[in-house]
Amino acid sequence: MIREYEESSSLSRNNSFIFSLEIYRLYTFRARSFIKELLTALDENTTGWRHVIDEATKFSMQLMYLKKDIGATLSEITLAAFWHILQTRGINKFNINKLIKVSREKLKRRVLYRRILKILSRIRLMELNFSAYREVVNIILTTIPKLINDRFLFMKYKHGFNPNEFFYYIENVRRIAIRIANEIPRNLISGKSRRVIAAICIYIADKILSKEYGVKPVLSAKVLENYLGVSQFTILRRYKTIYSALINTGILNV
């Protein structure tokens, strides 16, 4: 059965590291304290870094599953999170080697360079995957209202639906398409056109739902070509690969 998409999911959406509220608060306190100590050791006034400290601390909490996954220490995770936030904000005041050196020599923290690189590699992979899924879902969300308001599309299929039924049908297509998008294997979405993937998700969702309604599919590849600006032939050529992958992983009940 395909899982419900969580629009508020974090970068660590595919991980299940869970800890109690007490431990969460403790880790948060320690991460924040470490960043402040590090900045102080770098002769920085921590007051001016408040927003960076807050952002890095929150992000480090999303990465705490790496304590179990790769045996990373809290200091390593926090340092990698801090470095990542610096990079995303365009702050190039420190290099990673200096941060590691200060952490080890001045603060006496257990920080290994190779593990920092491994954590940063995980962050890049998570961002790539999260960004791809988010883009596909956003395209689906902006396309569905246009389909609902397509008078020509409704008139073409009015024999099978009244206006309310047509609205709910397309809304259900949206719901299923988002769930499909969330379940596509990473290798089939990474590096591919987001608009093509979104079109295929909608196309497959329509096929699934039309069977439940006992009607012919409403959203042809040609219709989706008009709305998403991707070739209908590309949709038809690629959708079977994704559909088969979803079946093979047991995501779809077919």
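Residues numbered from 1 in each chain as written. Predicted model: local features only at pLDDT ≥ 70, side-chain atom pairs only at ≥ 80, totals over all residues. Heavy atoms only, no water.

Asks: Which residues make up the overall build of the protein chain, and what are the values?
Replies: Helix and strand counts for the protein chain stand at twelve helices and zero strands. Along the protein chain, helices and strands appear, N-terminal first, in the series α-α-α-α-α-α-α-α-α-α-α-α. Looking at the protein chain as a whole, 48% of its 254 residues qualify as buried. For the protein chain, long-range pairs separated by at least 24 residues make up 74% of all intrachain contacts whose partners lie at least 6 apart in sequence. For the protein chain, the accessible area works out to roughly 13,700 Å², and carbon and sulfur atoms hold 50% of it. (Helix = DSSP H or I, 4+ residues; strand = E, 2+ residues; numbered from the N terminus. Buried < 20%, exposed > 50% of the residue type's maximum accessible area, 1.4 Å probe, protein only. Contact = heavy atoms within 4.5 Å. Areas by Shrake-Rupley, 256 points an atom, 1.4 Å probe, with all protein chains shown as cover.)

Asks: Run through the nonpolar core, naming residues and quoting values.
Replies: I140, I180, C201, I202 and L219 are the most contacted members of the largest nonpolar core, which has 48 residues in total. Mapped by element, the contributors of at least two residues to this core are α6 (113–148), α7 (151–156), α8 (163–183), α9 (186–189), α10 (194–213), α11 (221–228) and α12 (232–248). Ignoring sequence-local partners within four residues, the contact set of L219 consists of L147, L153, I170, V173, I202, Y203, D206 and L224. Counting residues in each nonpolar core, the second largest holds 41 residues, with W49, V52, A56 and I70 among its members. (Core = buried A, V, L, I, M, F, W, Y, C linked by side-chain atoms within 4.5 Å.)

Asks: If you had to explain the side chain of T57 to someone new, which residues and values would you point to?
Replies: You can see T57 is positioned in helix α2 (residues 50–62). Ignoring anything within four residues of it in the chain, the contact list for T57 reads T28, A31, R32 and I35.

Asks: Would you mind going over the packing of aromatic side chains in detail, with residue names and values included?
Replies: By the definition in use, this model includes five aromatic pairs. Between the aromatic rings of Y169 and Y213, the centroid separation amounts to 4.9 Å while the plane-to-plane angle is 85°, which identifies the pairing as edge-to-face. On the criterion of sequence distance, the pair formed by Y169 in helix α8 and Y213 in helix α10 is long-range, its members being 44 residues apart. Among the residues examined, Y169 registers a relative accessible area of 0% and is labelled buried. Between Y239 and Y243, the ring centres sit 6.5 Å apart and the planes meet at 55°, which makes this aromatic pair tilted. (Phe/Tyr/Trp six-rings, centres within 6.5 Å; stacked < 30°, edge-to-face > 60°.)

Asks: Can you break down the side chain of T143 residue by residue, with the values?
Replies: Secondary-structure assignment places T143 in helix α6. Every residue in contact with T143, bar those within four places of it in the chain, is listed here: I202, Y227 and L228.

Asks: Just give me the short version of helix α1 (residues 21–41), but keep the residues and values in it.
Replies: Between its terminal C-alpha atoms α1 stretches 30 Å, which fits the 30 Å expected from 21 residues at 1.5 Å a residue. Of the residues making up α1, those classed as buried are Y27, T28, A31, S33, F34, I35, L38, L39 and A41. Of the surrounding secondary structure, the elements contacted by the buried residues of α1 are α2, α3 (66–69), α4 (74–88) and α5 (96–105). A positive backbone phi angle near 65° is found at D43, which sits one or two residues after α1. (Expected span 1.5 Å × (residues − 1).)

Asks: Requested: an account of unusual backbone geometry, with residues and values cited.
Replies: Phi is positive for D43, which is not a glycine, with a value near 65°. You can see D43 is positioned in the loop between α1 and α2. Judged by relative accessible area, which is 71%, D43 ranks as exposed. The backbone phi angle of K108 is positive, close to 60°, even though this residue is not glycine. You can see K108 is positioned in the loop between α5 and α6. Classification of K108 as exposed rests on a relative accessible area of 67%.

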